[in-house]
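These are the residues of each chain, in order.
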Amino acid sequence: MGDAVNKTERDVVIIGSGPAGLTAAVYAARANLSPLLIEGASAGGQLMITTDVDNFPGFPEGVQGPDLILQMRQQAERFDTDFLTGDVTEVDLSQRPFRIVVDDETTYHAKTLIICSGARAKLLGLPAESKMMGNGVSACATCDGFFFREKEVFVVGGGDTAVEEAIFLTRFASKVTLIHRRDTLRASKILQDRALAHPKMDFLWDTTVKDITADESGRVAGLVLENLKTGEISKPKADGIFIAIGHSPNTALFKGQLQLDDAAYIVTKAKSTLTSVPGVFAAGDVQDTYYRQAITAAGTGCMAAIDVEKFLEEEGV
């Protein structure tokens, strides 16, 4: 595979190795496009820090996030996808073939490009947060809410995402407490009304999370909170904490080259993965501000590969 990676002129290059990128690779490889997938120094995307994945079809007993990525990678390898471990440090989309620089040293040229660089959840920045991610700390209620049946959980945030996730969690948890650093929510009025009237929901205003404490097994056991107005410290017990303060798409390389929305997500044309630059396609969380699931990312990865195949066919490649 090493010699193949040294081939710097490619029909298709895929940036990103989460479910979107790996699915795009499977479909592109099966279409005999010999894709090169640049997987990043930290390969695998957000599933690499996810423990139990119970909502990906085909795994009735569930699957560990890293194991799911490994199986998807092996499938892409089986169809002769070329993998390159490294970070894309520069792209030039001003002319085709597109120029892609990896680790500031190796340059590749691609007739088409599929961007699957994903997004990352904004976190609080606490050391305990990353240590207990997947062990009571989560950034996705839709993914993990099921594991908190009859548990007491906390949600951090005050916007639409936080309130939506808190309301969703009331389906499972016995009590959901929303922590917000201000004294009013930023969410839309209809969401606020639903949340404030919900019998399972409570609110801690003017409050921030100072720390997350663990039990002997390393799972979340409680929180250390500070009231910003009084300075009072409280230490409630907690079975879980959901961080819902937004996501940041990994699109810094594409600013000024592709159309991005106000939150810096790549804009794709309706019912496709086409971007504002012909020959450039985007799939997964880098263009999805709503669903943000492994299965939907994989679905758009499939779409991107089919869009690429059609695009190259029309060019006679």
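Refer to the structure presented above.
This report concerns the structure included in the present document. (Residues numbered from 1 in each chain as written. Predicted model: local features only at pLDDT ≥ 70, side-chain atom pairs only at ≥ 80, totals over all residues. Heavy atoms only, no water.)

**A short note on the sheet that holds strand β14 (residues 207–214)**
Whether parallel or antiparallel, the strands of a sheet pair through hydrogen bonds between backbone atoms. Keep this limit in mind: Two strands qualify as a pair provided that DSSP identifies no fewer than 2 bridges between them. Secondary structure elements follow DSSP: runs of H or I of four or more residues count as helices, runs of E of two or more count as strands, with numbering from the N terminus.
Overall, antiparallel pairing links the three strands, which are arranged β14-β15-β16 in an open sheet. Pairing within the sheet leaves two strands with one partner each, and these edge strands are β14 and β16 (233–234). Pairing of β14 with strand β15 (residues 220–227) involves seven bridges; the strand directions are antiparallel. Its bridge partner being in β15, T208 is matched across the sheet by E226.

**A word on the environment of A283**
For clarity, the cut-off: Per-residue accessibility, obtained with a 1.4 Å probe over protein chains only, is compared with the maximum for each type, and a residue is labelled buried under 20%, exposed over 50%, and partly exposed between these values. Two residues qualify as a contact provided that any one of their heavy atoms is within 4.5 Å of a heavy atom in the partner residue.
Tracing the backbone through its elements, the reader meets A283 in the loop between β19 (280–282) and α8 (294–314). Overall, A283 belongs to the buried group, its relative accessible area being 1%. Considered as a pair, A283 and G118 are 165 residues apart in the sequence and their alpha carbons are 8.3 Å apart. Not counting the four nearest positions on each side in its chain, A283 is found in contact with A20, I115, C116, T300, G301 and A304.

**Details of α8**
Quick reminder of the rule: By definition here, a helix of n residues has an expected span of 1.5 Å times n minus one.
In this model, α8 (21 residues) spans 30 Å end to end at C-alpha, consistent with the 30 Å of a helix rising 1.5 Å per residue. Regarding α8, the residues found buried are A294, A297, A298, T300, G301, C302, A304, A305, D307, V308, F311 and L312. Where α8 is buried, its residues touch β1 (9–15), α2 (19–30), β8 (106–115) and β19. Just beyond α8, the residue with positive phi is G316, at close to 80 degrees.

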